[in-house]
Every structure is written in structure tokens, then in C-alpha cells.
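Spelled out, the chains give:
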Amino acid sequence: MTAGRKIALVTFGCAKNLVDSEVMAGYLAQAGYRFVETTEAADIVLLNTCGFLRAAKDEADEAIRGALALKAADPARRVIVAGCYTERHRPELEALFPRVDAWIGVKDLDHIVDVVEGRDYRPSGRTFLYSHRSPRAVSTPASWVYVKVSEGCSHRCAFCSIPLIKGEYRSREPGSIVEEVRAFVARGVREIDLVSQDTTSYGKDEGRPDGLVRLLQKLIDIPALAWARILYGYPEEITDGLLEILREPKIAAYLDIPFQHSDPVIVRRMRRAMPGRRALKLLDRIRKAVPGVAIRTSLIVGYPGEGRKEFAGLKEFVREARFDHLGVFTYSREEGTPAYDDGDPVAEAVKRRRRDAILEIQSGISAEALRAWKGRTADVLIEGPWKEDPKLLIGRTRFQAPEVDGVVFVESAGRTQKDAPAVRKIEITSTGVYDLHGKPAS
Ligand code: SF4
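(A) Molecular detail of the domain arrangement of the chain. Entries for the chain in the domain assignment read domain 1 (6-117), domain 2 (144-371) and domain 3 (377-440). Look at where the C-alpha atoms of domain 1 and domain 2 centre, and you get two points 28 Å apart. The partner domain 2 presents 16 residues to the 16 residues of domain 1 that form the contact. Here domain 1 packs against domain 2, burying approximately 1,400 Å² in sum over the two surfaces, 64% of which is carbon and sulfur.

Listed below in C-alpha cells is the structure:
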């Protein structure tokens with residue numbers, strides 16, 4: 001099997017999966033493989049799947065069928081299926097898709113070249129966790145990058161399949177993370193987005209309860225870094241030390257804390273510990289400690305036991321909490337999770353109506369919060385020209401995370417991206433429900 005062959009690498013799911021894809025791409029590029037945009041143009045189709053929810057698995061099934069249809073047209077084409085879906089359901093998938101050439105889950109991603117070339121390797125039996133020495137072909141814009149700080153999760157939320165897929169929480173070595181960030185900043189990256197299943201528990205598995213704060217202190221010392229952001233927090237892990245360091249200008253005053261629900265009974269059934277009343281107190285504590293902090297959360301609607309009263313309570317929680325950013329998922333019953341035996345009593349149509357009702361409330365809250373920015377100046381990290389209208393640049397403020405929050409559309413004023421700093425002072429000229437518009441501040 002010769003190197004130089006063309007690979008289409010398709011990534012599904014979360015930011016952590018994207019990092020895994022970039023590392024696999026790094027190893028394959030080192031072996032001389034070239035990457036193409038479309039599966040049609042590829043000799044090898046590598047699908048890095050998500051197996052977290054039914055919807056993600058359906059999406060992966062469709063992509064596998066699409067790749068196998070291309071293989072039917074050209075039997076020399078190889079189809080490789082990687083990631084969480086494979087890790088969780090390999091025996092069933094091998095039976096369902098016997099013509100897939102090779103499978104690799106979330107372990108041994110450093111053997112991806114062996115897998116692509118059909119060679120055996122000695123499995124490690126552990127979820128793969130890269131280091132600063134791992135090759136990585138970054139796919140995000142030049143000004144920012146995701147950095148994964150750990151793998152796995154030691155919480156046991158009743159609805160969640162992640163511990164089944166990724167195993168127990170394992171932190172990366174702090175020096176390796178700092179080395180990786182230094183190298184990225186030296187290459188022009190100005191925003192670092194720290195990701196994992198629970199970034200706020202970083203270091204605890206190794207007896208370093210303040211591991212995240214100590215890591216952030218080291219990142220602050222990197223001169224050209226504009227800001228580092230914490231994504232995927234856990235409510236009970238918000239310490240005073242963390243709130244203190246969030247006041248540092250080089251740490252984005254931003255917290256992503258999934259609360260999942262507010263109703264005490266539902267939260268208990270989810271095997272989580274922070275119902276709405278306590279969550280509102282936590283939000284109050286955070287906002288007092290970190291003025292101007294942006295808070296993102298995720299909620300699940302349609303959980304077993306969520307009736308009209310519980311849902312009305314959730315709506316009230318969203319009105320009171322006034323999150324800056326909010327994602328809503330409809331409950332997905334997942335085999336193997338503790339909640340599976342509770343069934344799935346809420347109809348899908350009801351779940352969707354509830355999701356839309358929460359988003360309706362949130363859109364009003366978001367629009368009102370953004371209106372306060374009109375006429376003010378913000379630091380904006382420029383990602384590059386907007387594909388839809390290259391006369392506009394696209395960027396984000398400290399309070400807008402990549403890929404999930406709104407953006408800032410910036411009049412480029414004729415300055416090309418090449419000679420402009422990544423972070424610019426932008427005067428906000430108009431505001432929308434989720435996005436802002438602005439021009440370079442005079
Ligand atoms: S903390 Fe997140 S990843 Fe961990 S079990 Fe709970 S929902 Fe899943």
C-alpha cells in the first residue's frame with residue numbers, strides 16, 4: 001500500500017473528537033498521505049464517528065453507507081471507521097457493515113497508519129491521550145486551537161454513555177500541555193480553548209485538586225497568548241481559586257457549565273447534584289466574583305419524569321439564570337446507561353416543542369444582553385474573511401466560544417488579514433440575537 005494516496009477524513013461530534021482527528025491526520029501526513037476535501041476524490045475514506053447519542057449514530061450509519069456506496073463503484077477504495085461509535089458498538093457494526101475495511105475505536109490512534117495499511121499492531125487497551133510530541137494537523141483557523149487536557153470521565157451521570165466509551169478520567173501531563181500551547185502561540189495562535197469531558201476536574205485524578213488553576217497560571221506566562229478559555233466545566237468543580245484566575249486578562253472570563261436540568265427530582269434521577277435553586281446561587285457567586293463573565297450551559301429536555309410542572313420550572317430557571325449562551329438537547333435513551341431502564345416516556349414531538357420553547361426564551365435573553373454592546377469597543381479575535389461575504393471579516397470576543405456561540409462581523413476597511421494583528425479593538429455598531437457587527441475602533 002503506497003503513501004501519497006488521498007484521504008478524506010470526516011469528523012463527527014465534539015471538539016475532543018476533532019482533536020483526535022487532527023492527531024490521526026498528523027500521523028497520516030507524516031506517512032506521506034495527502035488530504036482531500038471530498039470522499040468522492042479520496043482513495044481512502046476515514047470516518048471519525050461520534051457514538052454519544054442516537055442521532056449521532058444515525059448520522060454515522062448514513063456516512064458509512066455513503067462511503068460503502070463509493071467503494072462499490074471502486075473496490076480499491078478503502079473505508080475506515082474510527083471513533084466513539086466504533087468503540088461502543090464494534091461487534092454490531094462489523095455485522096452490519098461487513099465491507100468496511102478496518103475499524104479503530106478511541107484507543108491506539110497512534111497506530112492509525114497501521115490500520116489504514118491493514119497491518120496488525122499491539123493494542124494498548126487504553127483510551128488514546130495525545131501529547132505535545134504527537135503529530136497534529138490542525139484544522140481550525142490560524143488564530144485559535146482546541147487543546148485537550150484529559151480523556152475519559154469519572155462522573156456517572158445517568159443519561160451519559162461517555163464513561164462507557166472513554167473510561168475513567170485521565171489528565172495529561174501539565175508540562176506537555178504547556179509545551180503544546182507554547183508551540184501553537186509561536187505559530188501565531190492567540191486563543192487556546194481547553195477541552196475535555198470535564199476540564200474543571202483537571203489534575204484531580206493525580207491528586208492535584210487545583211490542577212486547572214496551576215495550569216492556567218503557566219499559560220498566562222506565555223507572552224503572545226491573547227487568552228485561554230475553559231470549555232466543559234462541571235458545576236461542583238467551580239472553586240474560589242478558579243474564579244480568581246478568571247479575573248486575569250489572559251483567561252477569558254467565560255465558563256461553560258452544563259446544568260442539564262433544574263428540577264430537584266429530575267436532577268437527582270440524572271445522578272447529578274445541582275438543582276436549579278443551588279445553580280442560581282452558584283451563578284450569583286460567579287457573577288459577583290468575575291464581573292462581566294459570560295456563562296454557557298447545556299440542558300436536556302424530555303428526560304423521564306419531566307412533566308408539565310417540571311418543564312415549567314425549567315423555563316422559569318432559564319428566565320432567572322439569564323445565561324449568555326445555552327444549548328438544549330432532547331433526551332436520547334442510550335443502552336448501557338443507568339437511565340436506560342427508566343424508558344423514554346416523553347414523545348419526540350413534545351421534546352422538540354420543549355427544546356424550541358427554551359430556545360425561544362433564550363433568544364430574547366441573548367438579544368437583550370448583546371444590545372448592551374452597541375457603541376462599545378471589544379477585543380475581537382479575527383478568524384479571517386467571512387466565506388459568504390469576503391468584504392467582512394469574522395471574529396469572536398472573549399465571551400464567544402468557537403463553533404457554538406455567536407460571532408462578530410467586522411468591516412475589513414480594506415486591510416487584508418495578512419498584515420493585521422489577530423486581536424483588534426472593534427467598535428460594535430449593531431447587534432443581533434446571537435451575533436454582533438462592528439468596525440475597527442478609531
Ligand atoms: S460529566 Fe459529562 S461526560 Fe461525564 S458522565 Fe456527566 S455528562 Fe457524561
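(B) Main features of the packing of aromatic side chains. Tallying each qualifying case throughout the model produces eight aromatic pairs. Ring centres 6.2 Å apart and planes at 85 degrees place the aromatic pair phenylalanine 259 and phenylalanine 317 in the edge-to-face group. With phenylalanine 259 in the loop between strand S11 (251-256) and helix H9 (264-269) and phenylalanine 317 in helix H11 (residues 308-321), the pair connects residues that are 58 residues apart, well separated along the chain. Ring geometry for tyrosine 303 versus tyrosine 331: centroids 4.9 Å apart, planes at 70 degrees, classification edge-to-face. Taken as a pair, tyrosine 303 in the loop between strand S12 (294-301) and H11 and tyrosine 331 in the loop between strand S13 (325-330) and helix H12 (348-371) lie far apart in primary sequence, 28 residues in all. Neither residue differs from the other here; tyrosine 303 and tyrosine 331 are each classed as buried. By way of ring pairs, the aromatic residues Phe159, Tyr303 and Tyr331 are connected into one cluster. In this structure, arginine 229 is placed above the aromatic ring of tyrosine 254, and the distance from its NZ or CZ to the ring centre is 4.8 Å. Over the ring of tyrosine 340 we find arginine 333; its NZ or CZ atom is 3.8 Å from the centre of that ring.

(C) Structural detail: the side chain of glutamine 362. Mapped onto the fold, glutamine 362 is located in helix H12. Since its relative accessible area comes to 1%, glutamine 362 is described here as buried. Only 2.8 Å separates the side chain of glutamine 362 from the backbone oxygen of phenylalanine 323, close enough to count as a polar contact.

(D) A look at the pattern of salt bridges. Applying the stated rule across the entire model yields 39 salt bridges. Ionic pairing is found between aspartate 193 and arginine 229, a salt bridge with its closest N-O pair at 2.9 Å. One end of the pair, aspartate 193, is in strand S9 (residues 191-195); the other, arginine 229, is in strand S10 (residues 227-230), and 36 residues separate them in sequence. Put simply, Glu191, Asp193, Arg229, Glu383 and Arg396 are held in one network by salt bridges that share partners.

How each quantity is defined
- Residues numbered from 1 in each chain as written.
- Predicted model: local features only at pLDDT ≥ 70, side-chain atom pairs only at ≥ 80, totals over all residues.
- Heavy atoms only, no water.
- Domains from an automatic or database assignment.
- Contact = heavy atoms within 4.5 Å.
- Buried area = accessible area lost by both parts, 1.4 Å probe.
- Phe/Tyr/Trp six-rings, centres within 6.5 Å; stacked < 30°, edge-to-face > 60°.
- Helix = DSSP H or I, 4+ residues; strand = E, 2+ residues; numbered from the N terminus.
- Buried < 20%, exposed > 50% of the residue type's maximum accessible area, 1.4 Å probe, protein only.
- Lys NZ or Arg CZ within 6 Å of the ring centre and 35° of its normal.
- Polar contact = N/O pair within 3.5 Å; in protein donor to acceptor, adjacent residues only side chain to side chain.
- Salt bridge = Lys/Arg side-chain N within 4 Å of Asp/Glu carboxyl O.

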